[in-house]
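What follows is the residue order along each chain.
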Amino acid sequence: MELDVRAGLEKLAGRLGGEGAKLTEAGRLSGGASMETWAFAFEGENGPERLILRRRSAPFDEETARSVSLATEAKLIQATGANGARVPKVRHVCDDADGLGEAYVMVRVDGETLGKKIVGDPRFDAVRPGLARQCGESLVAIHKTPPPPGLNLKTVDGVAELDRYEEVYRATGAERPILELAFQYLRRHVPEPVEPTLLHGDFRNGNIMFDPQSGVAAILDWELAHIGDPAEDMGWICTNSWRFGRPDRPVGGFGDYADLLAGYAAAGGRSIELSRVRFWQMLGSLRWGVMCLTMYLSWRDGITRSVERPMIGRRVSETEADLVVLLEEGL
Amino acid sequence: MITHPRTEELVESVRLWIDEIRPTLDPRNAFLARVAANALATVSREITEGPAAEAAAVAGMAGVLGHAGDHATLNAELCARIRSGELTVETPGLLTALQVMARDQIAIDQPSYKPEGSF
């Protein structure tokens, strides 16, 4: 498989850099079960280019999947980028001639995505106090982007999301009183509907490229983009599962609610109440808890065999420990 | 139970061995070996701390539900009565009981995790 991609990148270098463009670098950065990221570079007609290939390595059905296709992802990055969002520049969307399957190419952005580093590495000490505000500002350009036509993005609200995850939870057969109470509590506190906007859908520490000098450099991983309540994107980055050991700093483990909201308002975003963000934050913990249960189930049912999966099942108690505090505090 | 070695000591010995060979493995297997060692550490904690945690959970649930029972029965009833809306965050003693259960379970599953409000 790796050889195929390398050969594809050689060919792509010629297509993008002109005849005779030589691949100078090609290496796989990361890979989940279904997605691969490759860094590559070549010397082309217009000089050196450092790029990222994102490609799907497993079959995908956009109708039934929660995530969007990579072509849709590329269109969203282009549309939000044109509207001023900090996103990578899309260099090329692959087609059949490239032989790389479903894939697109971005210009490489330097920086750090590891949440733990953003939260604790002294290199980020100087910018860290400003990051929550920057995250608020960054969301406005995304939320104000009119969704490009023809993408068929799913629309989600609080009730739909609770229904979806409660159905998944019931199907697991697990009996967890704290998750039950969180479902019940959140159903009684669903915020008033708002005019839905385009959402990133997975806006959290870990999916944002940060620069040690300038802060937010690029917002990555658009596969869960959808239409919904803007507070959903704010609540997800506040979910304790993504604070990397700093629960005292609610925004991503690096900042405070007030800075996130102030940045959002200063950049022209609509006014959002903290309780609304906290609703989505709590739903974020609940959602992650249910997802951990399903990852265990994929092992129990023999779909995956990695020892990782049952151990992730024991992370449900992390979300329960968070939820029980949130239930005590209220929204 | 046999005490030479105790069950948790057997588990601990395997965990230590995995840690010992981890540096010799390729990156993917080294990662999985770390997960495996963590799994065994959880098993050890469940063996040593699980019985007290379960007893505390049974006592807490019995207090909220108003009658005695075993863990599985009380847990199922607690879930059903929360789901029906009969028990809520307002119910005296419910959140306190759930907090104790959450604290004991995280101590077994992921003791290094820093929950909301814990810093």
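Because the structure is a prediction, the values reported are computed rather than measured.

The rules behind the values
- Residues numbered from 1 in each chain as written.
- Chains lettered and ligands numbered in written order.
- Predicted model: local features only at pLDDT ≥ 70, side-chain atom pairs only at ≥ 80, totals over all residues.
- Heavy atoms only, no water.
- Helix = DSSP H or I, 4+ residues; strand = E, 2+ residues; numbered from the N terminus.
- Rg over C-alpha atoms; globule rule 2.2 N^0.38 Å.
- Buried < 20%, exposed > 50% of the residue type's maximum accessible area, 1.4 Å probe, protein only.
- Areas by Shrake-Rupley, 256 points an atom, 1.4 Å probe, with all protein chains shown as cover.
- Lys, Arg positive; Asp, Glu negative; His and termini not counted.
- Charge placed at Lys NZ, Arg CZ, Asp CG, Glu CD.
- Expected span 1.5 Å × (residues − 1).
- Contact = heavy atoms within 4.5 Å.
- Domains from an automatic or database assignment.
- Buried area = accessible area lost by both parts, 1.4 Å probe.
- Salt bridge = Lys/Arg side-chain N within 4 Å of Asp/Glu carboxyl O.
- Polar contact = N/O pair within 3.5 Å; in protein donor to acceptor, adjacent residues only side chain to side chain.
- 1 Å grid on protein atoms, 1.4 Å probe; cavity = no way out; pocket = protein on both sides within 12 Å on 5 of 7 lines; lining within 4 Å.
- Points joined across faces, edges and corners; volume = space filled by probe spheres on them.
- Nonpolar A, V, L, I, M, F, W, Y, C, P; charged D, E, K, R; others polar.

### Things to note about the overall build of chain A
A count of helices and strands for chain A gives 11 helices and 9 strands. Computed over its C-alpha atoms, the radius of gyration of chain A comes to 20 Å, within 12% of the 20 Å expected for a compact globule of 331 residues. In terms of principal-axis extent, the alpha carbons of chain A reach across some 65 × 50 × 40 Å. The buried share of chain A, reckoned over its 331 residues, is 56%. For chain A, the accessible area works out to roughly 13,800 Å², and carbon and sulfur atoms hold 51% of it. Across chain A, the 40 positively charged side chains and the 49 negatively charged ones have centroids separated by 2 Å.

### Observations regarding helix H6 (residues 177-188) of chain A
Taking 1.5 Å per residue as the helical rise, H6(A) with its 12 residues ought to reach 16 Å, and the 17 Å between its terminal C-alpha atoms agrees with that figure. In terms of burial, H6(A) is largely enclosed, as 10 of its 12 residues are buried. Residues of H6(A) that are buried include every one of Pro177(A), Ile178(A), Leu179(A), Glu180(A), Leu181(A), Ala182(A), Phe183(A), Gln184(A), Tyr185(A) and Leu186(A), and no others. Residues of H6(A) that are buried in the fold lie against helix H5 (158-172), helix H9 (274-300) and helix H11 (316-329) of chain A together with helix H3 (71-83) and helix H4 (94-109) of chain B.

### A closer look at the domain arrangement of chain A
Interfaces are often sized by the amount of accessible area the parts lose when they come together. Residue and element names in this part refer to chain A. If you check the domain split of chain A, you get domain 1 (2-107) and domain 2 (115-329). Averaged C-alpha coordinates put domain 1 and domain 2 at centres separated by 27 Å. With 21 residues of domain 1 at the contact, the number on the domain 2 side is 26 residues. Taken over both partners, the interface formed by domain 1 and domain 2 buries close to 2,000 Å², and the fraction arising from carbon and sulfur atoms is 58%. Considering only the side of domain 1, the residues that lose the most area to domain 2 are Arg66, Leu76 and Arg86, jointly responsible for 40% of the buried surface there. Inspection of the domain 1/domain 2 interface yields 3 salt bridges. Here aspartate 221 ties to arginine 54 by a salt bridge, and the two come within 3.3 Å at their closest N and O atoms. Inspection of the domain 1/domain 2 interface yields 7 residue pairs in polar contact (both at pLDDT 80 or more). Ranked by residue count, the leading element in the side of domain 1 that touches domain 2 is helix H2 (residues 70-82), at 7 residues.

### Details of empty space enclosed by the protein
To find leftover empty space, one rolls a probe the size of a water molecule over the atoms. Residue and element names in this part refer to chain A. For the structure shown, the criterion picks out 1 cavity of 30 Å³ or more. Taken as a whole, the largest cavity encloses approximately 30 Å³ of empty space. If you trace the largest cavity, you find it lined by Glu232, Trp236, Trp280, Leu283, Gly284 and Arg287. Of all the secondary structure elements, the ones that give two or more residues to the lining of the largest cavity are helix H7 (230-238) and H9. Broken down by element, the lining of the largest cavity gets its largest block of residues, 4 residues, from H9. Looking at the lining of the largest cavity residue by residue, the classes come out as 3 nonpolar, 1 polar and 2 charged.

### Some remarks on the interface of chain B and chain A
The partner chain A presents 35 residues to the 37 residues of chain B that form the contact. Between chain B and chain A, the buried area comes to about 3,100 Å², and carbon and sulfur atoms account for 63% of it. If you look at where chain B meets chain A, you find 4 salt bridges. Arg243(A) is the partner of Glu116(B) in a salt bridge, and the nearest nitrogen-oxygen pair spans 3.1 Å. Applying the counting criterion to the chain B and chain A interface returns 14 residue pairs in polar contact (both at pLDDT 80 or more). The set of elements that each furnish at least two residues to the side of chain B that touches chain A consists of helix H2 (27-65), H3 and H4 of chain B. For the side of chain B that touches chain A, the element with the most residues is H4(B), which contributes 10 residues. Class assignment for the residues of the side of chain B that touches chain A results in 21 nonpolar, 10 polar and 6 charged.

### With respect to the environment of Leu327(A)
Checked against the element boundaries, Leu327(A) lands in helix H11. When the C-alpha atoms of Leu327(A) and Gly44(A) are compared, they prove to be 57 Å apart, with 283 residues separating the residues in sequence. Beyond its immediate sequence surroundings of up to four residues, Leu327(A) is in contact with Ile178(A), Leu181(A), Ala182(A), Tyr185(A), Met282(A), Val89(B) and Leu95(B).

### Some words on the environment of Arg86(A)
All names here are of chain A. Turning to its location among the elements, arginine 86 is positioned in the loop between H2 and strand E4 (90-93). Using a relative accessible area of 31% as the deciding quantity, one classes arginine 86 as partly exposed. In this structure the C-alpha to C-alpha distance between arginine 86 and serine 138, which are 52 residues apart in sequence, comes to 6.7 Å.

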